[in-house]
Amino acid sequence: MLRTIRPKYACRSCEGAIVQAPAPARLVEGGMATTALIAHIAAAKYAWQSTLYRQTQILAGQGVVVDRQTLARWMGSAAWLVRGLYDLQLKTMHGFERLFCDETPMPVLDPGRGRTRICQFWAHATDDRAWKGPAPPAVAYVFAGGRGKKEIVAQLAGFEGVLQVDGYAAYASLAGDAKMSGQIQLAYCLVHARRNFVRVHKTTNSPFAAEVIERIAAVYAIEERIRGLDAGERRATRQAETKPLMEALRIRLIAVKDGISRRSTLIKAIDYMLER
């Protein structure tokens, strides 16, 4: 328990006004909760997925009785306090030339309807550590009511550079938008392409899917070897070693594609990779 002592002082000679040091600033004005307590609850909720309802039970077990509505109001106060920092982080990240973006469904309570509605959490991330670039490791989440083109256009209004994404159509539409004036260049993710072949191999034991996975593993081995080198060295290695591997893979995909049924799950994995 923290105890703050603020003595009062008065002048015996002049009988002037009594003075006292102001109370320490708190996140919740006039409240008893310290900033450390609110930060702990926020970290437990958002980083460790401990719901506020569960945390009320944990606190009660320690002799601190706080209802869930109070904890929810504290989270609102915490969000208000860090909003400026959040906006600054997002703006700073969008100032770099490379950005990763992905979205995931987020069920949200919809009072009155008796069920949840599906919204989206978009993750914006930077990380140039692999080649000692300027962008630090950082991620910021943007909440949106949907996952359409208008949502991502609004989020990336000030960004210019390379956007690393999966194969979702809204990104391609964004890059081709005349209003964006070609300011965004898409870089599709090899991990997502590989994932499709892994799924096919697990369900059908396809020899060709296994072959593609092995070919991509060779590319990964090159990336592992050049991690930490500067951009020029990495590019030179990729042009000399990775490019021939990817070109050979492209030719192999085209050759195998013609003999596969359009209903096959393997053809979808091949089309996904060739289109990107």
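Computed from a predicted structure; not experimentally measured. (Residues numbered from 1 in each chain as written. Predicted model: local features only at pLDDT ≥ 70, side-chain atom pairs only at ≥ 80, totals over all residues. Heavy atoms only, no water.)

Within a pair of aromatic rings, the relevant descriptors are the distance that separates the centres and the angle that separates the planes. One pass over the full model with this rule turns up 4 aromatic pairs. Above the ring of Y168, the side-chain terminus of R147 is found at 3.7 Å from the ring centroid. The ring of Y188 carries R276 above its face, with NZ or CZ at 5.5 Å from the centroid. (Phe/Tyr/Trp six-rings, centres within 6.5 Å; stacked < 30°, edge-to-face > 60°. Lys NZ or Arg CZ within 6 Å of the ring centre and 35° of its normal.)

The next thing to look at is the pattern of salt bridges. Inspection of the entire model under this criterion finds 16 salt bridges. The shortest N-O distance in the salt bridge between R147 and E103 comes to 2.6 Å. With R147 in the loop between β5 (138–144) and α4 (149–155) and E103 in strand β3 (residues 98–110), the pair connects residues that are 44 residues apart, well separated along the chain. On the basis of relative accessible area, R147 is assigned to the partly exposed category, the value being 33%. (Salt bridge = Lys/Arg side-chain N within 4 Å of Asp/Glu carboxyl O. Helix = DSSP H or I, 4+ residues; strand = E, 2+ residues; numbered from the N terminus. Buried < 20%, exposed > 50% of the residue type's maximum accessible area, 1.4 Å probe, protein only.)

What follows concerns helix α1 (residues 35–46). The terminal C-alpha atoms of α1 lie 16 Å apart, and with 12 residues this matches the ideal 16 Å at 1.5 Å per residue to within 8%. Within the span of α1, buried status applies to I38, I41, A42 and A44. Along the long axis of α1, the arc covered by the buried residues comes to 165°, so they all point the same way. Projecting away from the buried face of α1 at angles above 90 degrees are the exposed residues A36 and H40. (Expected span 1.5 Å × (residues − 1). Arc of directions from axis to C-beta.)

The next subject is the packing of α1 against helix α3 (residues 68–94). Contact geometry of α1 with α3 gives a least axis separation of 10 Å together with a crossing angle of 95°. Relative to α3, the element α1 lies roughly perpendicular. Residue-level contacts link L37, I38, I41, A42, K45 and Y46 of α1 to L71, W74, M75 and A78 of α3. Here the contact of α1 with α3 is composed, by residue class, of 9 nonpolar, no polar and 1 charged. (Axes fitted to C-alpha atoms, helices over the stretch in contact; angles between N-to-C directions. Parallel < 35°, antiparallel > 145°, perpendicular 65-115°, else oblique. Contact = heavy atoms within 4.5 Å. Nonpolar A, V, L, I, M, F, W, Y, C, P; charged D, E, K, R; others polar.)

To continue, consider the packing of helix α7 (residues 207–226) against helix α8 (residues 231–257). Viewed as axis vectors pointing N to C, α7 and α8 meet at an angle of 175°, and their least axial separation amounts to 10 Å. Put simply, α7 runs roughly antiparallel to α8. Residues F208, E211, V212, R215, I216, A218, V219, I222, E223, R225 and I226 of α7 form the contact with α8, whose participating residues are R234, T237, R238, E241, T242, L245, M246, A248, L249, R252, L253 and V256. Here the contact of α7 with α8 is composed, by residue class, of 13 nonpolar, 2 polar and 8 charged.

A few words on the side chain of T242. Examined against the element boundaries, T242 turns out to sit in helix α8. Look at T242 and you get buried, because its relative accessible area is 9%. Not counting the four nearest positions on each side in its chain, T242 is found in contact with V219, I222 and T237.

Quick look at the nonpolar core now. F197, F208, V212, L253, L266, I270 and M273 are the most contacted members of the largest nonpolar core, which totals 19 residues. Here the element with the most residues in this core is helix α9 (residues 265–274); it accounts for 6 residues. Not counting residues within four places of it along the chain, the set of residues in contact with F197 comprises A209, V212, I213, L253, L266, A269, I270 and M273. Residues M93, L156, F159 and L174 belong to the second largest nonpolar core, which totals 17 residues. (Core = buried A, V, L, I, M, F, W, Y, C linked by side-chain atoms within 4.5 Å.)

This part takes up α3. In this model, α3 (27 residues) spans 36 Å end to end at C-alpha, consistent with the 39 Å of a helix rising 1.5 Å per residue. Remark: the principal bend of α3, roughly 50°, maps to V82. Taken together, the buried positions of α3 are T70, L71, W74, M75, A78, L90, M93 and H94. Here α3 starts with a cap whose side-chain oxygen sits 3.1 Å from the backbone nitrogen of Q69, and that cap is D67. (Bend = angle between axes of the 7 residues up to and from the residue. Polar contact = N/O pair within 3.5 Å; in protein donor to acceptor, adjacent residues only side chain to side chain.)

Considering the arrangement of structural elements, one finds P24 in the loop between β2 (19–20) and α1. Expressed as a C-alpha distance, the spacing of P24 and T34, which sit 10 residues apart in the sequence, is 10.0 Å. Those residues in contact with P24, other than ones at most four positions away along the chain, are T4 and R6.

Purely geometric stuff here, so don't read any function into it on its own.
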